[in-house]
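Residue-level structure breakdown
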Amino acid sequence: MNIRRLTELALLSTVALIIFVIELRIPNPFPIPGVKLGLANIVTVYAVFRCRPSETAMIVTVRLLLGAMFSGNPSALLYSAAGAVCCLLGMLVLRHILPEKQIWLCSVIGAMLHNIGQITAAVIIMRSFGVIAYLPLLLVTGSLAGVFTGICAQMLLKRMNRQNGPLR
Amino acid sequence: MKNRKIIIAVGLIFFVSVCLSVYILRHSDRQTVEIVQDGAVLYTFDLNRAEDQEIRVTSAEGGYNLIVIKDGTICISEADCPDQTCVKMGVLKSDYLPIVCLPHKLIVRFAEGEA
């Protein structure tokens, strides 16, 4: 990996982290654990479509670890990590299937997979199937947020591609 | 077309989730609530008959939750945990979404059985 690439990845991680920290300051209108806007995923979706899978995984790992540290809530790390792994795997597969105009769809499916991963982790950690009741709520809010972050990423990618040449 | 199938599947999941969410968020018509800590039922109340009161529940690690019963509703008004999710959840309304305080392993929920 050359220095140019390294710098680009570091920059993307920083942007994701800043968005994450700013989002912590936005009061959450839904008092349901796990419901979030997930604006930092704009960067994840962007990276999925522009970087190599391993590079995207690096960005997400850095975001997760530092994000857990900055938010002062390390117990949430397990849930978000489980969600992020599911989401990332799904999106890496989808990027080969979906055309450039349907990046938002990739983001929506990623959000849904994220929620499923979160709930699976919660079921395992709490050893109770009661938490599955949260899944429909998370899926609805998650896919709405996913549409939004997806459209943001799609617009961003369109502009970047115009400037820096085609994808990948 | 492959992508149309994906869109339809996502739309279907979304629609089903909306329906289930409405069902889950429906207000309960049960009146008996129980306060459970660490799997053991600490208190049981009939919200119709219980008088307004405050209950302080301390956890094994020394934390506490202040549970308030007022005008036939129950909520957690205070807790010394960092996330405060249980306080923000407000009044207990649904059968399926109990008020949960994860750090203190405390659950406030509608009891099954008697209506």
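Quick summary incoming for the structure in this document.

Parameters at a glance
- Residues numbered from 1 in each chain as written.
- Chains lettered and ligands numbered in written order.
- Predicted model: local features only at pLDDT ≥ 70, side-chain atom pairs only at ≥ 80, totals over all residues.
- Heavy atoms only, no water.
- Pairing = 2+ DSSP bridges.
- Helix = DSSP H or I, 4+ residues; strand = E, 2+ residues; numbered from the N terminus.
- Axes fitted to C-alpha atoms, helices over the stretch in contact; angles between N-to-C directions.
- Patch = residues over 30% accessible without salt bridge, like charges linked within 9 Å, V, L, I, M, F, W, Y side chains within 5 Å.
- Areas by Shrake-Rupley, 256 points an atom, 1.4 Å probe, with all protein chains shown as cover.
- Salt bridge = Lys/Arg side-chain N within 4 Å of Asp/Glu carboxyl O.
- Lys, Arg positive; Asp, Glu negative; His and termini not counted.
- Charge placed at Lys NZ, Arg CZ, Asp CG, Glu CD.
- Buried < 20%, exposed > 50% of the residue type's maximum accessible area, 1.4 Å probe, protein only.
- Left-handed = near helix turned anticlockwise from the far one by under 90°.
- Contact = heavy atoms within 4.5 Å.
- Nonpolar A, V, L, I, M, F, W, Y, C, P; charged D, E, K, R; others polar.
- Disulfide = S-S within 2.5 Å.
- Phe/Tyr/Trp six-rings, centres within 6.5 Å; stacked < 30°, edge-to-face > 60°.

1. Concerning the sheet that holds strand β7 (residues 106–110) of chain B
Residue and element names in this part refer to chain B. Here we have four strands laid out as an open sheet, ordered β2-β1-β7-β6, and antiparallel in their pairing. Only two strands of the sheet have a single partner each, and these edge strands are β2 (40–46) and β6 (99–101). Taken over all neighbouring pairs, the strand axes of this sheet differ in orientation by 15° on average, direction set aside. Bridge analysis of β6 against β7 gives three bridges, and the strand direction is antiparallel. Bridge pairing in β7 places Val100 opposite Ile107.

2. Overview of a positive patch on the surface
All names here are of chain A. On the surface, Lys101, Lys158, Arg159 and Arg162 cluster together into a patch of positive charge. As for its position among the elements, Lys101 is in the loop between α4 (77–97) and α5 (103–126). On the basis of relative accessible area, Lys101 is assigned to the exposed category, the value being 70%.

3. With respect to the packing of α4(A) against α5(A)
Residues and elements named next belong to chain A. It is the contact of α4 with α5, at a shortest axis distance of 7 Å, that shows an interaxial angle of 145°. Between α4 and α5 lies a crossing whose hand is right-handed. Facing Leu78, Tyr79, Ser80, Ala82, Gly83, Ala84, Cys86, Cys87, Gly90, Met91 and Leu94 of α4, the residues of α5 in contact are Cys106, Ser107, Ile109, Gly110, Leu113, His114, Gly117, Gln118, Ala121, Ala122, Ile125 and Met126. Here the residues of the contact of α4 with α5 sort into 15 nonpolar, eight polar and no charged.

4. Looking at the state of the cysteines
With the rule as written, the count across this model stands at zero disulfides over all chains. Not part of a disulfide, A:Cys86 finds its nearest cysteine sulfur in A:Cys87, a span of 8.5 Å.

5. As for the packing of aromatic side chains
Residues and elements named next belong to chain B. By the definition in use, this model includes one aromatic pair over all chains. Where Tyr43 meets Phe45, the ring centres are 6.0 Å apart and the plane angle is 15°; that geometry is what we call stacked. Under the relative-accessibility criterion, Tyr43 is labelled partly exposed at 33%. With a relative accessible area of 13%, Phe45 lands in the buried category.

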